[in-house]
Amino acid sequence: MGTSVGKSHRTASYPLLKGQKALVTGANSGIGRATAIGLGRVGADVVVNYVADRDSAEEVVREIETFGVRAYAHEADVSQEDQVAGMVSRMVEQFGTIDVLVANAGLQRDAAATDMTLAQWRKVLDVNLTGQFLCAREAIREFMRRGVVPEVSRSAGKIICMSSVHQIIPWSGHVNYAASKGGVLMMMETLAQELAPHKIRVNAVAPGAIRTPINRSAWDTPEAEADLLRLIPYRRVGDPEDIARAVAVLASDLLDYVVGATLYVDGGMTLFPGFATGG
Ligand code: NAD
């Protein structure tokens, strides 16, 4: 073990994901957009999944293509089994396979528990949790069919679940969202345990507060931002690129021995900032 520390491994050279095929869900906005572009920047061919607004997905495709890699946009609702299966089988047809899945698509339907409708509850669980499972299942089937290709990667495939600090921080007024992300944590760890013997790495990235449309009201006025910064020891709101870089490294062979982990990218939000003074 010790002897290999520092030894350069061929696949650890840049670009990190050269020749790999990546699928990013919800890739025409916010974190997914930055991640799709970030994976293209480090050499991956990228499928840009979207469910609405084709034009913005095509813009992401054009930006990725400037790195000299391939990309295309694919419309699919990740909560629909047939649409997910169709998306992955088209990817195998067009790109030959899939090496990296970033299960990122997600949404909020906020309400106090007493007012939350069953439709709001179900919608969030369907997209944030079931959607990730359906995408993971299709990717895993292809990873297992293909196995390890040593020239491409040391593993047979990588799944990165986009979770949230709310996989462990309870969040009043968002019981559906917090439950979905808590579910993502246990889904991710169980899949990681089940699939590691097949050389498939399943991990999660858990963002804190990142400036995207999903949480605009939390940062788009100075008062709201000041309020939010109290929860962030590092005292800045994150950018989508903070997450994109974490995903690129986690998907690469640099972190080949990381299995079933959550990488919190949150400026310290999970460090119980309320206890920074007193207590
Ligand atoms: P966003 O609203 O900008 O992006 C969400 C994307 O998911 C959009 O492209 C949307 O169209 C897509 N989407 C929604 N339903 C879909 C469906 N059924 N099928 C396919 N795509 C669908 O928000 P974001 O902040 O970029 O969120 C991305 C992920 O990051 C989500 O899983 C979210 O829970 C997570 N996250 C965000 C933050 C944050 O502070 N922004 C923090 C923690 C976790």
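Here the residue numbers are simple positions, counted from 1 along each chain's written sequence. Since the coordinates come from a predicted model, pLDDT governs what is reported: local features require at least 70, and pairs of side-chain atoms require 80 or more to be given and counted, while whole-chain, interface and lining totals use all residues. Each side-chain value is derived from all of the structure's non-hydrogen atoms; neither hydrogens nor water enter the calculation.

Enquirer: Could you give me a rundown of the sheet that holds strand β1 (residues 21–24), with the residues and numbers involved?
Expert: Taken together, the 7 strands give an open sheet; going across it, the order is β3-β2-β1-β4-β5-β6-β7, and neighbouring strands pair in parallel fashion. This sheet does not close on itself; its edge strands, each paired only once, are β3 (71–75) and β7 (262–265). For this sheet the average axis-to-axis angle between neighbouring strands, irrespective of direction, equals 20 degrees. Examined bridge by bridge, strand β5 (residues 157–162) and strand β6 (residues 200–207) share 6 bridges and lie parallel to one another. Bridged to C161 within β6 is A204. Note on contacts: a residue pair is in contact if any heavy atoms of the two residues lie within 4.5 Å. Axis lines are fitted to C-alpha atoms, over the contacting stretch for helices. Their N-to-C directions set the angle, which ranges from 0 to 180 degrees. The secondary structure listing takes helices from DSSP runs of H or I that are at least 4 residues long and strands from runs of E that are at least 2 residues long, numbered from the N terminus. Its contacts with the sheet place helix α5 (residues 175–195) against β5, β6 and β7, and it is angled at close to 160 degrees to β6. With respect to the sheet, helix α7 (residues 240–251) is in contact with β4 (100–103), β5, β6 and β7, its orientation differing from that of β6 by roughly 165 degrees. Following DSSP output, two strands are said to pair if at least two bridges run between them.

Enquirer: Which residues make up the site of the ligand, and what values do they have?
Expert: Here a residue is near a molecule or strand as soon as one of its heavy atoms is found within 4 Å of it. The full set close to the ligand counts 28 residues, and S29, I31, N104, Y177 and T212 are the nearest of them. Under this definition, polar contacts are N or O atom pairs within 3.5 Å; protein pairs additionally need one hydrogen-donor-capable and one acceptor-capable atom, and for neighbouring residues in sequence, both atoms have to be side-chain atoms. A distance of 2.8 Å separates a nitrogen atom of the ligand from a polar side-chain atom of D77. One nitrogen or oxygen atom from the side chain of N215 is found 2.9 Å from an oxygen atom belonging to the ligand. Notes on the ligand: free accessible area 820 Å², of which the protein chains cover 91%. The class makeup of the residues in the shell around the ligand is 14 nonpolar, 12 polar and 2 charged. Accessibility throughout is a Shrake-Rupley quantity obtained with a 1.4 Å probe, and a residue counts as covered only by protein chains that appear here. Each residue gets one of three labels, nonpolar for Ala, Val, Leu, Ile, Met, Phe, Trp, Tyr, Cys and Pro, charged for Asp, Glu, Lys and Arg, and polar for the others, Gly among them.

Enquirer: Just give me the short version of a nonpolar patch on the surface, but keep the residues and values in it.
Expert: By definition, no residue in a patch forms a salt bridge, and every one has over 30% relative accessible area; like charges are joined within 9 Å, nonpolar side chains (Val, Leu, Ile, Met, Phe, Trp, Tyr) within 5 Å. Salt bridge, as used here: a side-chain nitrogen of Lys or Arg that lies within 4 Å of a carboxyl oxygen of Asp or Glu. Taken together, the side chains of L118, W121 and V175 present a nonpolar region at the surface, about 260 Å² in accessible area. Summarising the element assignment, L118 is placed in helix α4 (residues 118–146).

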